[in-house]
Amino acid sequence: AQTVTQSQPEMSVQEAETVTLSCTYDTSESDYYLFWYKQPPSRQMILVIRQEAYKQQNATENRFSVNFQKAAKSFSLKISDSQLGDAAMYFCAYRSAERYSTLTFGKGTMLLVSP
Amino acid sequence: EPEVTQTPSHQVTQMGQEVILRCVPISNHLYFYWYRQILGQKVEFLVSFYNNEISEKSEIFDDQFSVERPDGSNFTLKIRSTKLEDSAMYFCASSGGAVSDTQYFGPGTRLTVL
């Protein structure tokens, strides 16, 4: 079974600074998808970014980018120019390309942003 | 931009009562899901639904749970006899018909069982 580990329960960053959230996963599969979801205090899960395992190029979405290291099974999220609105719980998630119903989530990292 | 909606936002019920949580997936999506998040814990997969039947379910999804798509728009999760440990945030999600499609989540229903 796949597992997703987020080793940082909480991270802090100041506005305009850059922060990196860590995620590692365990799988025996070669084809899969990785996601970062954001959950603000409103509790709605919002997709931040996704990465296809077959793509070597790291995904980017505006201020959000990932460092995908397939061999190391690592998928970190970098937030540049942090804003107060980035404060939220961030979940890393894995989905198999074969059993594609199930998203497996990590425990989450709470990101605090200070002025 | 289309989005997944869920009602109610908060449901309070007594232990042993039946509850139905409702979701309206994104209109052209073909796969529907329910996830659960107990307070302070990770989000857990419950069930996926495709072509009017369950395509996959987790060990959490026991006989107390059922899902239904009663019409062309709604997708429901029923808990027949709620337990205290069913208190959680329940998220509905939907995705298109391709393997590569992303799951988009609704805002969740907070279920409190007293």
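### A few points about the overall build of chain A
Thought 1: The helix and strand inventory of chain A stands at zero helices and twelve strands.
Thought 2: Across chain A, helices and strands are ordered from the amino to the carboxyl terminus as β-β-β-β-β-β-β-β-β-β-β-β.
Thought 3: For chain A, the C-alpha radius of gyration of 14 Å lies close to 13 Å, the compact-globule estimate for 115 residues.
Thought 4: Across its three principal axes, chain A shows a C-alpha extent of roughly 45 × 25 × 20 Å.

### Observations regarding the packing of aromatic side chains
Any aromatic ring pair is given by two values, namely how distant the centres are and how the planes are angled relative to each other.
Thought 1: Counted under the stated rule, the structure contains 20 aromatic pairs over all chains.
Thought 2: An angle of 35° between the planes, with centres 6.1 Å apart, marks the rings of Tyr25 of chain A and Tyr94 of chain A as tilted. Here Tyr94 of chain A lies in strand E10 (residues 88-96) and Tyr25 of chain A lies in strand E4 (residues 24-26), a separation of 69 residues in the sequence. Both residues of the pair, Tyr25 of chain A and Tyr94 of chain A, count as buried.
Thought 3: Ring geometry for Phe49 of chain B and Phe75 of chain B: centres 5.3 Å apart, planes at 40°, overall tilted. A residue pair is termed long-range when its members are at least 10 positions apart, and Phe49 of chain B in strand E5 (residues 43-50) and Phe75 of chain B in strand E8 (residues 75-79) qualify at 26 residues.
Thought 4: Overall, the relative accessible area of 0% leaves Phe75 of chain B in the buried class.

### Structural notes on the state of the cysteines
Thought 1: Taken as a whole and judged by the stated rule, the model has two disulfides over all chains.
Thought 2: Sulfur-sulfur distance for the disulfide between Cys23 of chain A and Cys92 of chain A comes to 2.0 Å. Given an S-S torsion of about -70°, the disulfide between Cys23 of chain A and Cys92 of chain A has left-handed geometry. Of this pair, Cys23 of chain A sits in the loop between strand E3 (19-21) and E4 while Cys92 of chain A is found in strand E10, placing the two residues 69 residues apart along the sequence.
Thought 3: The class for Cys92 of chain A is buried, based on a relative accessible area of 0%.
Thought 4: Covalent S-S linkage joins Cys23 of chain B and Cys92 of chain B, the inter-sulfur distance amounting to 1.9 Å. The sign of the -65° torsion about the S-S bond sets the Cys23 of chain B-Cys92 of chain B disulfide as left-handed. Of the two residues, Cys23 of chain B sits in strand E3 (residues 19-24) while Cys92 of chain B sits in strand E9 (residues 88-95), which places them 69 residues apart along the sequence.

Calculation rules
- Residues numbered from 1 in each chain as written.
- Chains lettered and ligands numbered in written order.
- Predicted model: local features only at pLDDT ≥ 70, side-chain atom pairs only at ≥ 80, totals over all residues.
- Heavy atoms only, no water.
- Helix = DSSP H or I, 4+ residues; strand = E, 2+ residues; numbered from the N terminus.
- Rg over C-alpha atoms; globule rule 2.2 N^0.38 Å.
- Phe/Tyr/Trp six-rings, centres within 6.5 Å; stacked < 30°, edge-to-face > 60°.
- Buried < 20%, exposed > 50% of the residue type's maximum accessible area, 1.4 Å probe, protein only.
- Disulfide = S-S within 2.5 Å.

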